[in-house]
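So the chains spell out like this:
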Amino acid sequence: QVQLVESGGGLVQAGRSLRLSCAASGLPFSRYTMGWFRQAPGTGREFVAAINWSGGITKYTDSVKGRFTISRDNAKNTVDLQMNNLEPEDTAVYYCAVDRLLSAISTMARAYDYWGQGTQVTVSS
């Protein structure tokens, strides 16, 4: 079965960096778009970044552009999110997800059909 397992979350001070990683299994990873979403308490799941099957196309939400970088390693079936210059507003549970529709990158959570369990990121001011 499909499994997505996130790691790398934690507690950091504002301005510092974290690198999240998502390991995928049970699917032909290199065929699909992968995305990162986040959810803060009392809010809906928010798109953060996504990367197409080859890694040649990426998309980011405006609030993380220039600070976050998404990348993938199709040989290792992993997708990473490098987060620099973190802000308290980045505090959330971060989820990786796979979009198997083989279409353009979507920023909508409903387009992604498998999700990891999430990893907590807390940024203190």
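Right above here is the structure, for reference.
So, a few notes on the structure that sits alongside this text. Being a predicted model, the structure only gives us computed values, none of them experimental. (Residues numbered from 1 in each chain as written. Predicted model: local features only at pLDDT ≥ 70, side-chain atom pairs only at ≥ 80, totals over all residues. Heavy atoms only, no water.)

### Some words on the packing of aromatic side chains
Point 1. The full count for this structure, using the stated rule, is five aromatic pairs.
Point 2. Judged by centre distance (5.6 Å) and plane angle (75 degrees), the rings of Phe-37 and Phe-47 are edge-to-face. One end of the pair, Phe-37, is in strand S4 (residues 33–39); the other, Phe-47, is in strand S5 (residues 46–51), with ten residues separating them in the sequence. This pair shows no difference in class: Phe-37 is buried, exactly as Phe-47 is.
Point 3. Taking the centre distance of 6.4 Å and the plane angle of 80 degrees together, the rings of Tyr-95 and Trp-115 count as edge-to-face. With Tyr-95 in strand S9 (residues 92–99) and Trp-115 in strand S10 (residues 114–115), this residue pair connects regions lying 20 residues apart in the sequence.
Point 4. Residue Trp-115 is classed as partly exposed on the basis of its relative accessible area of 25%. (Phe/Tyr/Trp six-rings, centres within 6.5 Å; stacked < 30°, edge-to-face > 60°. Helix = DSSP H or I, 4+ residues; strand = E, 2+ residues; numbered from the N terminus. Buried < 20%, exposed > 50% of the residue type's maximum accessible area, 1.4 Å probe, protein only.)

### Considering the nonpolar core
Point 1. Counting residues in each nonpolar core, the largest one holds 29 residues, and the members touching the most others are Trp-36, Leu-81, Met-83 and Tyr-94.
Point 2. Of all the secondary-structure elements, those providing two or more residues to this core are strand S3 (18–25), S4, S5, strand S7 (68–73), strand S8 (78–83), S9 and strand S11 (119–124).
Point 3. Setting aside anything within four residues of it in sequence, one finds Tyr-94 in contact with Glu-6, Leu-20, Trp-36, Phe-37, Arg-38, Val-48, Phe-68, Leu-81, Met-83, Gly-118, Thr-119 and Val-121. (Core = buried A, V, L, I, M, F, W, Y, C linked by side-chain atoms within 4.5 Å. Contact = heavy atoms within 4.5 Å.)

### Some details on the pairing of S11
Point 1. Burial of the side chains of S11 is restricted to one face: Thr-119, Val-121 and Val-123 are buried, whereas none of Gln-120, Thr-122 and Ser-124 on the reverse face is.
Point 2. Bridge analysis of strand S2 (residues 10–13) against S11 gives four bridges, and the strand direction is parallel. Bridging from a neighbouring strand, Gln-13 pairs with Ser-124 of S11.
Point 3. Both S9 and S11 contribute to a ladder of three bridges, which runs antiparallel. Directly across from Val-93, in S11, lies its bridge partner Gln-120. (Pairing = 2+ DSSP bridges.)

### Brief notes about the sheet that holds S3
Point 1. Taken together, four strands build an open sheet; the order of strands is S1-S3-S8-S7 and the sheet is antiparallel. Edge strands, defined here as strands with exactly one partner in the open sheet, are strand S1 (3–7) and S7. Direction aside, neighbouring strands of the sheet carry axes that sit 15 degrees apart on average.
Point 2. Two elements, S7 and S8, share six bridges in a ladder whose sense is antiparallel. Bridge pairing links Asp-73 to Thr-78 in S8. (Axes fitted to C-alpha atoms, helices over the stretch in contact; angles between N-to-C directions.)

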